[in-house]
Amino acid sequence: MGAYNFVRKSDVNAYVGVGLGLFDHYYSRRDRYYNGTYLVVPFGVLIKPLDNKNFGFLIEAAPVFYDEYGSYLRGGIGFKYTFR
């Protein structure tokens with residue numbers, strides 16, 4: 001996985017990336033074994049609204065492209081603290 005910050009300021013960062021993953025597990029509810037690779041394209045924003053720039057809020061979405069089993073959108077929100 002790799003990412004590029006296209007907005008880099010003291011109070012906000014925005015990024016886009018690309019990743020390749022290996023998918024290998026058994027899904028018991030559908031009685032199916034999945035084996036293959038997938039492509040993911042994450043993009044997100046890190047907002048640092050406080051004076052302490054080590055703390056920020058993170059919003060990310062990532063479409064996952066998985067060939068024969070379909071694609072889906074993964075997303076998340078949270079917070080991030082950087083120890084320096």
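Our subject is the structure listed above.
## Thoughts on the overall build of the protein
So, point 1. The number of helices and strands found in the protein is zero helices and six strands.
So, point 2. In the protein, the succession of α and β elements from N to C terminus is β-β-β-β-β-β.
So, point 3. Counting only residues that meet the buried cut, the protein has 21% of its 84 residues in that class.
So, point 4. Taking the intrachain contacts of the protein between residues at least 6 apart in sequence as the baseline, contacts between residues at least 24 apart amount to 38%.
So, point 5. When the accessible surface of the protein is totalled, it reaches about 6,400 Å², and 58% of it is carbon and sulfur.

## Quick word on the side chain of Asn13
So, point 1. With respect to the helices, strands and loops of the structure, Asn13 is situated in strand β2 (residues 12–27).
So, point 2. With a relative accessible area of 13%, Asn13 lands in the buried category.

## Topic: the environment of Gly76
So, point 1. Mapped onto the elements, Gly76 comes out in strand β6 (residues 72–81).
So, point 2. Each C-alpha atom of the pair Gly76 and Glu60 lies 5.4 Å from the other, and the pair is 16 residues apart in sequence.
So, point 3. With sequence-adjacent residues up to four places away left out, Gly76 is seen in contact with Leu58, Ile59 and Glu60.

## Observations regarding the pattern of salt bridges
So, point 1. As enumerated under the stated definition, the model contains one salt bridge in all.
So, point 2. Of the charged contacts in the structure, one is a salt bridge between Arg74 and Glu60, with a shortest N-O distance of 3.9 Å. With Arg74 in strand β6 and Glu60 in strand β5 (residues 55–66), this residue pair connects regions lying 14 residues apart in the sequence.
So, point 3. Classification of Glu60 as partly exposed rests on a relative accessible area of 26%.

Rules used throughout
- Residue numbering note: each chain is counted from 1, following its sequence as written.
- pLDDT decides what is reported in this predicted model: residues at 70 or higher carry local features, side-chain atom pairs at 80 or more are listed and counted, and totals for whole chains, interfaces and linings draw on all residues regardless.
- To get the side-chain values, all heavy atoms of the structure are used, and hydrogens and water are removed first.
- Secondary structure elements follow DSSP: runs of H or I of four or more residues count as helices, runs of E of two or more count as strands, with numbering from the N terminus.
- Under the scheme applied here, a residue whose accessible area is under 20% of the maximum for its type counts as buried, over 50% as exposed, and between as partly exposed, the area being computed with a 1.4 Å probe on protein chains only.
- Any two residues whose heavy atoms approach within 4.5 Å at even a single point are treated as in contact.
- To measure how exposed things are, a 1.4 Å probe is used in the Shrake-Rupley method; for residues, cover is taken only from the protein chains shown.
- Salt bridge, as applied in this entry: a Lys or Arg side-chain nitrogen positioned within 4 Å of an Asp or Glu carboxyl oxygen.

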